[in-house]
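An overview of the molecular structure
Below, each chain spelled out in residue letters.
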Amino acid sequence: MKRTKVKPFSGIRKFFEMLSIYGKIKVPWLLLLLTLALGLAHTAINARIPQATADILNADGLNTRALVTFSVSSILTMLLLAGKQYLEYYAYETINRRTRTLMWSKIMHISMRDYDKESASYYISRITADADSTYSPIYTVLTMVDSCYALVVYCINMYRFNRVMARYVLLVLPFAILLSALMGRFRFKASRQVRAADADSLRYLTEHTKNIRLIKTSGTENTEQQNGRRFFTKQWKAVLYSEIIAIICIPLGLLITNSSSVISFGLGGYYVSQGWMKAGDVIAFYQYAGLVVTQAWIVLYMCPLSIRGAQGTLAKIAEVLHMQEEQTVAAEPKKEESTDGIVLDRVSFAYDEQRPVLNSVSCRFPQGSTTAILGPNGGGKSTIMRLLERFYLPDSGTITAEGRDIQSIDVHEWRRQIGYVSQTCDLLDGTIRDNLVYGLDEIPDEEAIIRATKLANAYGFISRRPNGLDSEVGEGGSSLSGGEGQRICIARMFLKDPKYLLLDEATSALDAESEKAVLDALKNLMLGRTTV
């Protein structure tokens with residue numbers, strides 16, 4: 001089973017292919033259209049301020065009408081801008097929340113065969129850092145529309161004051177395009193290096209903070225300190241390079257902007273001295289010229305850069321969304337039960353073409369009996385467990401339970417019948433009670449929970465804790481010993497009451513005393529169940 005590879009989006013056609021992602025996250029389009037409307041209204045009103053400024057400066061006395069227009073327009077632009085920014089922020093957070101929800105839901109349903117191809121930090125990075133970039137293309141489109149409209153409006157008004165000076169200002173734009181394309185390449189490369197360095201650091205930290213005990217017992221603190229410094233230095237260099245490029249872009253942008261000032265005041269001053277223009281008109285022209293260059297900079301540089309910067313992250317999000325999901329078929333009508341138990345018939349499986357694990361394996365696990373699978377490490381014992389849990393599907397052959405192909409059974413219904421205890425007990429951060437009832441359809445009463453802990457030989461150490469069942473277990477059960485954690489998992493199985501029990505070297509990591517307590521608990525749990 002190969003995962004669908006999604007290439008980074010490029011070009012206008014590919015850009016619109018991103019809309020398939022936004023269809024899944026239910027983008028609040030009406031809210032975004034309202035944001036755009038406020039932006040266009042802000043531009044239309046803001047375009048009146050330079051004209052009002054010219055009227056005030058050119059008047060022989062107090063131009064009350066122009067002063068009122070200037071004041072009202074200034075207040076309205078501030079209100080519209082504040083409203084626009086609030087709606088943008090609200091839309092940004094809404095889209096981020098829905099993207100993370102969609103990604104988390106997808107990850108919950110990805111087939112284990114696809115899921116295991118990536119590390120946990122890969123999925124964490126997709127949900128956290130990359131989800132923030134989902135809003136970027138939408139914001140860029142809104143900004144592009146608003147800025148193009150503003151560019152047209154400001155150019156028209158600039159031409160109204162002086163066509164010759166306006167042409168000189170527009171001559172600056174080709175240089176802005178060339179500079180934008182050049183700097184865009186460097187900015188995109190820099191942002192990509194920053195994302196790669198961030199991902200590497202996150203992966204390193206995620207892996208090594210989980211294994212801090214191994215680092216300490218191995219005496220490799222100094223080595224890992226140096227390794228961490230190397231990752232952080234790489235991250236620092238990438239960010240520094242990105243900031244240097246950004247710093248270079250700022251004065252270049254100001255150079256283009258200041259060129260409009262030279263044209264406005266250089267030619268404008270000459271025209272005023274000749275009596276061809278008034279001082280107020282020069283000031284208004286300067287304001288329009290500055291707005292034109294600013295909007296041109298946004299359209300030609302900032303928007304394309306933003307789109308290019310989001311391509312890689314959106315491709316990674318799409319890659320996760322295209323991963324294969326688990327097959328959750330509806331349960332077929334229940335047939336007459338047989339007493340065959342679980343049967344593997346000519347089952348073959350390989351994690352990849354270079355790693356065949358099972359080759360035409362046939363065996364039977366009798367109903368109500370205990371069957372042991374023996375073999376060397378890497379012989380496929382844990383793989384059979386994963387196939388029985390339907391974390392993986394056989395490449396060929398069938399697995400039946402009481403005469404029914406387990407692939408024809410709804411996956412949730414099937415897993416409710418499975419109890420799995422491994423050598424490393426899976427516990428979540430929370431209380432002992434939370435972990436005992438985790439995943440149960442109905443929360444059992446106190447009496448049932450205590451009975452399960454007694455059967456699992458866990459009641460003694462639980463009752464000795466100050467908060468009993470409400471004691472915290474810590475992250476991954478860090479406040480419990482290995483034997484205590486195993487017995488809590490066994491108590492959970494008593495509450496789940498599964499039909500089939502899978503024991504994957506459940507006592508291999510325990511000391512002799514803990515092993516005896518766990519084995520006694522397992523004997524209670526195995527009674528009357530099909531156990532592998």
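Description of the structure in this document. Note that this is a predicted model, so its numbers are computed, not measured. (Residues numbered from 1 in each chain as written. Predicted model: local features only at pLDDT ≥ 70, side-chain atom pairs only at ≥ 80, totals over all residues. Heavy atoms only, no water.)

1. Concerning the overall build of the protein chain
For the protein chain, the helix and strand inventory stands at 19 helices and 7 strands. By residue count, 44% of the 532 residues in the protein chain fall in the buried class. By sequence separation, contacts in the protein chain at least 24 residues apart represent 79% of the contacts at least 6 residues apart. Of the roughly 28600 Å² of accessible surface on the protein chain, 58% is carried by carbon and sulfur atoms. (Helix = DSSP H or I, 4+ residues; strand = E, 2+ residues; numbered from the N terminus. Buried < 20%, exposed > 50% of the residue type's maximum accessible area, 1.4 Å probe, protein only. Contact = heavy atoms within 4.5 Å. Areas by Shrake-Rupley, 256 points an atom, 1.4 Å probe, with all protein chains shown as cover.)

2. Examining the sheet that holds strand β7 (residues 530–531)
The strand order across the open sheet formed by 3 strands is β5-β6-β7, and the pairing between neighbours is parallel. Each of the sheet's edge strands pairs with one partner strand only, and the pair in question is β5 (418–422) and β7. Inspection of the sheet shows β5 paired to strand β6 (residues 500–504) by 5 bridges, in the parallel sense. Note that in β6 the partner of Ile418 across the bridge is Tyr500. Strands β5 and β6 of the sheet are contacted by helix α13 (residues 381–389), whose axis makes an angle of about 150° with β6. (Pairing = 2+ DSSP bridges. Axes fitted to C-alpha atoms, helices over the stretch in contact; angles between N-to-C directions.)

3. Some remarks on a nonpolar patch on the surface
Residues Val68, Val72, Ile75, Leu76, Met78 and Leu79 make up a contiguous nonpolar surface patch of roughly 560 Å² in combined accessible area. Here Ile75 lies in helix α5 (residues 64–109). (Patch = residues over 30% accessible without salt bridge, like charges linked within 9 Å, V, L, I, M, F, W, Y side chains within 5 Å. Salt bridge = Lys/Arg side-chain N within 4 Å of Asp/Glu carboxyl O.)

4. Some words on empty space enclosed by the protein
As enumerated under the stated definition, the model contains 1 cavity of 30 Å³ or more in all. In terms of lining, the largest cavity is formed by Leu387, Arg390, Tyr392, Leu393, Pro394, Ile399, Ile406 and Gln407. The residue makeup of the lining of the largest cavity, split by class, is 6 nonpolar, 1 polar and 1 charged. (1 Å grid on protein atoms, 1.4 Å probe; cavity = no way out; pocket = protein on both sides within 12 Å on 5 of 7 lines; lining within 4 Å. Points joined across faces, edges and corners; volume = space filled by probe spheres on them. Nonpolar A, V, L, I, M, F, W, Y, C, P; charged D, E, K, R; others polar.)

5. Quick notes on unusual backbone geometry
Although it is not a glycine, Arg390 sits at a positive phi angle of roughly 65°. Within the fold, Arg390 resides in the loop between α13 and β3 (396–401). A relative accessible area of 6% means that Arg390 is categorised as buried. The phi dihedral of Asp497 falls on the positive side, at around 55°, and the residue is not glycine.

6. So, a positive patch on the surface
There is a patch of like positive charges on the surface, built from Arg185, Lys189, Arg192 and Arg308. Mapped onto the elements of the fold, Arg185 is located in helix α9 (residues 163–210). Under the relative-accessibility criterion, Arg185 is labelled exposed at 60%. (Lys, Arg positive; Asp, Glu negative; His and termini not counted. Charge placed at Lys NZ, Arg CZ, Asp CG, Glu CD.)

7. Side note on the packing of aromatic side chains
One pass over the full model with this rule turns up 14 aromatic pairs. Summarising the aromatic geometry, the rings of Tyr270 and Trp276 are spaced 5.8 Å apart at their centres and angled 85° between planes, so their arrangement reads as edge-to-face. Above the face of the Tyr122 ring, Arg126 is positioned so that its terminal group lies 4.5 Å from the ring centre. (Phe/Tyr/Trp six-rings, centres within 6.5 Å; stacked < 30°, edge-to-face > 60°. Lys NZ or Arg CZ within 6 Å of the ring centre and 35° of its normal.)

8. As for the nonpolar core
Ranked by size, the top nonpolar core spans 29 residues in total, and within it Ile432, Leu436, Ala456, Ile488, Ile490 and Leu525 carry the most contacts. Going through the elements one at a time, α15 (432–436), α16 (446–455), α17 (459–463), α18 (482–496), β6 and α19 (512–526) are the ones with two or more residues in this core. The leading source of residues in this core is α18, at 7 residues. What Leu436 contacts, discounting residues up to four positions off in sequence, is Ile449, Thr453, Leu469, Ile488, Ala491, Arg492 and Leu495. Of all hydrophobic cores here, the second largest spans 25 residues; its members include Ala150, Cys155, Ile263 and Ala284. (Core = buried A, V, L, I, M, F, W, Y, C linked by side-chain atoms within 4.5 Å.)

9. As for the sheet that holds β3
Taken in spatial order, the 4 strands of this open sheet run β2-β1-β3-β4, and their pairing is antiparallel. In this open sheet, the two strands that pair with only one neighbour each are β2 (356–365) and β4 (404–405). Pairing of strand β1 (residues 342–350) with β2, which is carried by 6 bridges, proceeds in the antiparallel orientation. For Ala350, the partnering residue across the bridge sits in β2 and is Pro356. Contacting β1, β2 and β3, α13 runs over the sheet at an angle of about 115° to β1.

10. Notes on the packing of helix α3 (residues 29–46) against helix α4 (residues 48–58)
Put simply, α3 and α4 touch, their axes get as near as 5 Å, and they point 15° apart. Looking at the two axes, α3 sits roughly parallel to α4. On α4, the residues that touch Ala44, Ile45 and Asn46 of α3 are Arg48, Ile49 and Pro50. (Parallel < 35°, antiparallel > 145°, perpendicular 65-115°, else oblique.)

11. Observations concerning the pattern of salt bridges
Within this structure, the stated rule accounts for 13 salt bridges. One salt bridge connects Asp200 with Lys234, and the closest N-O pair in it is separated by 2.8 Å. Of this pair, Asp200 sits in helix α9 while Lys234 sits in helix α11 (residues 221–273), and the two are 34 residues apart along the sequence. According to the relative accessible area criterion, Lys234 is partly exposed, its value standing at 44%. Put simply, Asp470 and Arg433 hold a salt bridge, and the shortest N to O gap is 3.0 Å.

12. Comments concerning the packing of α3 against helix α8 (residues 135–161)
The interhelical angle for the contact between α3 and α8, taken along N-to-C directions, is 25°, at an axis separation of 10 Å. Considered as vectors, α3 and α8 are oriented roughly parallel to each other. As α3 runs across α8, the sense of the crossing is right-handed. Note on element contacts: α8 touches α3 through Tyr135, Ile138, Leu142, Val145, Asp146, Tyr149, Ala150 and Tyr154, opposite Leu32, Leu36, Gly39, Leu40, Thr43, Ala44 and Asn46. (Left-handed = near helix turned anticlockwise from the far one by under 90°.)

13. Comments concerning a negative patch on the surface
There is a patch of like negative charges on the surface, built from Asp429, Asp434, Glu472 and Glu475. Tracing the sequence through the fold places Asp434 in helix α15.

14. A word on the pairing of β1
Counted along the chain from β1 to the antiparallel partner β2, the turn is 5 residues long. Direction of pairing for β1 relative to β3: antiparallel, over a ladder of 5 bridges. Residue pairing for β3: Asp345 is matched across the bridge by Thr398.

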